[in-house]
Amino acid sequence: MIQGIIFDYGGTIDTNAMHWSEVLWMGYEHVGIPISKEDFRHSYVVAERALAKHPYIQPHHNFLDLLIIKCDLETKDLVKRGIWKVDETTRKNQSDAVAHYCYQHVLQILQISRPVIAQLAQHYPLVLVSNFYGNIETILKDFQLEYFQHIVESAVVGVRKPDPQIFQLGVEALRQVTGKTPEELPAEDIIVVGDSYSKDILPATAIGCQTMWLKGLGWNEEKVDESVPTYIIYNIKDLPATIIQK
């Protein structure tokens, strides 16, 4: 029995199970920035750490703003390390081109994922649980994804995946929006949908939720036990048929 759904955002709704490093790398290849994937991945980590430490992302920033800031941090690191030898104008122009490419890629994915979210919202209460930068509500509005009755965002609540507590907050939010007690809405009647085995599936399983692993191209090869997720799918378009019929 499923009474509510908790969704991950990044890598699930916006890329259909492709890790964001891979989406960005596609952008670098498309634009033709002459670096190795290994060097890119190093700068990707540098940028993610900077975003976690400093308030570069503000609540009013939409997703294109976010991508421009993220790519700017990455390409500045590449130049700083001497990996990419270009002038500042070239760096900025090509960095922005990567951001725009990735943004267009997300718009294409949303043609698949948005109808899925809309369909599920007709059947179940939805809550979003995401490691994000404090601007997820702006992004959901920008992408016409305002189907979630509550949002649990790491930058706001101060808890990040893979800490199971962030999913517990999602469970409690579902109880609040439905007006149900823990006895009426136990964790086992809630399904968590996410693309990360370690950050979504394992912690959600730890608090007793059902899980739907949207399995795709991750950051690296994880050791996984495919018996842990309740369900495994490979495309978000298959989600309604798997859930609604249960």
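What this report covers is the structure whose coordinates are included nearby. Each chain carries its own residue numbering, running from 1 in the written order of its sequence. Side-chain atom pairs in this predicted model are given and counted only at pLDDT of 80 or more, local residue features only at pLDDT of at least 70, and totals for whole chains, interfaces and linings cover all residues. Excluded from the side-chain calculation are hydrogens and water; included are all heavy atoms of the structure.

**A word on the overall build of the protein**
Okay, so step 1: Secondary structure elements are taken from DSSP: a helix is a run of H or I of four residues or more, a strand is a run of E of two residues or more, and numbering for both begins at the N terminus. Secondary structure summary: the protein contains 9 helices and 6 strands in total.
Okay, so step 2: Values of the radius of gyration come from C-alpha atoms, whereas the globule rule sets the reference at 2.2 Å times the count of residues to the power 0.38. Relative to the 2.2 N^0.38 estimate, which gives 18 Å for 246 residues, the radius of gyration of the protein is 18 Å and therefore close to what a compact globule would have.
Okay, so step 3: When its C-alpha atoms are laid out on the principal axes, the protein stretches across 60 × 35 × 30 Å.
Okay, so step 4: Each residue is placed in one exposure class: buried if its accessible area under a 1.4 Å probe, protein chains only, is under 20% of its type's maximum, exposed if it is over 50%, and partly exposed if it falls in between. Within the protein, the fraction of its 246 residues that count as buried is 50%.
Okay, so step 5: Counted over contacts in the protein with a minimum sequence separation of 6, partners at least 24 positions apart contribute 64%.
Okay, so step 6: Calculation of accessible area relied on Shrake-Rupley with a 1.4 Å probe; when residues are assessed, cover is drawn exclusively from the protein chains displayed. Accessible area of the protein: about 11,300 Å², with a carbon and sulfur share of 50%.
Okay, so step 7: His is not counted here, nor are the chain ends, while Lys and Arg score as positive and Asp and Glu score as negative. The location of each charge is read from NZ of Lys, CZ of Arg, CG of Asp or CD of Glu. Averaging the coordinates of the 22 positive side-chain charges in the protein and doing the same for the 31 negative ones gives two points 4 Å apart. Working rule for contacts: check all heavy atoms of both residues, and any pair within 4.5 Å makes them a contact.

**Description of helix α8 (residues 197-206)**
Okay, so step 1: Along α8, the residues classified as buried are Tyr 197, Asp 200, Ile 201, Pro 203 and Ala 204.
Okay, so step 2: Any pair of N or O atoms that falls within 3.5 Å is considered a polar contact. Within protein, one atom must be able to donate a hydrogen and the other to accept it, and sequence-neighbouring residues count only if both atoms are side-chain atoms. Two to three positions downstream of the cap, the backbone nitrogen of Lys 199 sits 3.0 Å from a side-chain oxygen, assigning the N-cap of α8 to Ser 196.
Okay, so step 3: Of the residues flanking the end of α8, it is Gly 208, one or two places downstream, whose phi is positive at about 95°.

**Let's talk about the pattern of salt bridges**
Okay, so step 1: Salt bridges, as used here, are contacts in which a Lys or Arg side-chain nitrogen is within 4 Å of a carboxyl oxygen on Asp or Glu. Within this structure, the stated rule accounts for 12 salt bridges.
Okay, so step 2: Of the charged contacts in the structure, one is a salt bridge between Glu 88 and Arg 91, with a shortest N-O distance of 2.7 Å. Within this pair, Glu 88 and its partner Arg 91 are both found in helix α4 (residues 88-121), separated by 3 residues, close to a single helical turn.
Okay, so step 3: Residue classification places Glu 88 among the partly exposed residues on the basis of a relative accessible area of 48%.
Okay, so step 4: Judged by its relative accessible area of 2%, Arg 91 is buried.
Okay, so step 5: Salt bridges sharing partners connect three or more residues here, namely Asp 72, Lys 76, Glu 88, Arg 91, Lys 92 and Asp 96.

**Describing the side chain of Thr 12**
Okay, so step 1: Assignment of secondary structure puts Thr 12 in the loop between β1 (4-7) and α1 (20-31).
Okay, so step 2: Only 2.6 Å separates the side chain of Thr 12 from the side chain of Asp 8, close enough to count as a polar contact.
Okay, so step 3: Reaching out from Thr 12, the side chain makes a polar contact with the backbone nitrogen of Asp 195 at a distance of 3.1 Å.
Okay, so step 4: Leave out the neighbours within four places in its chain, and Thr 12 touches Phe 7, Ala 17, Val 193, Gly 194, Asp 195, Leu 214 and Ile 236.

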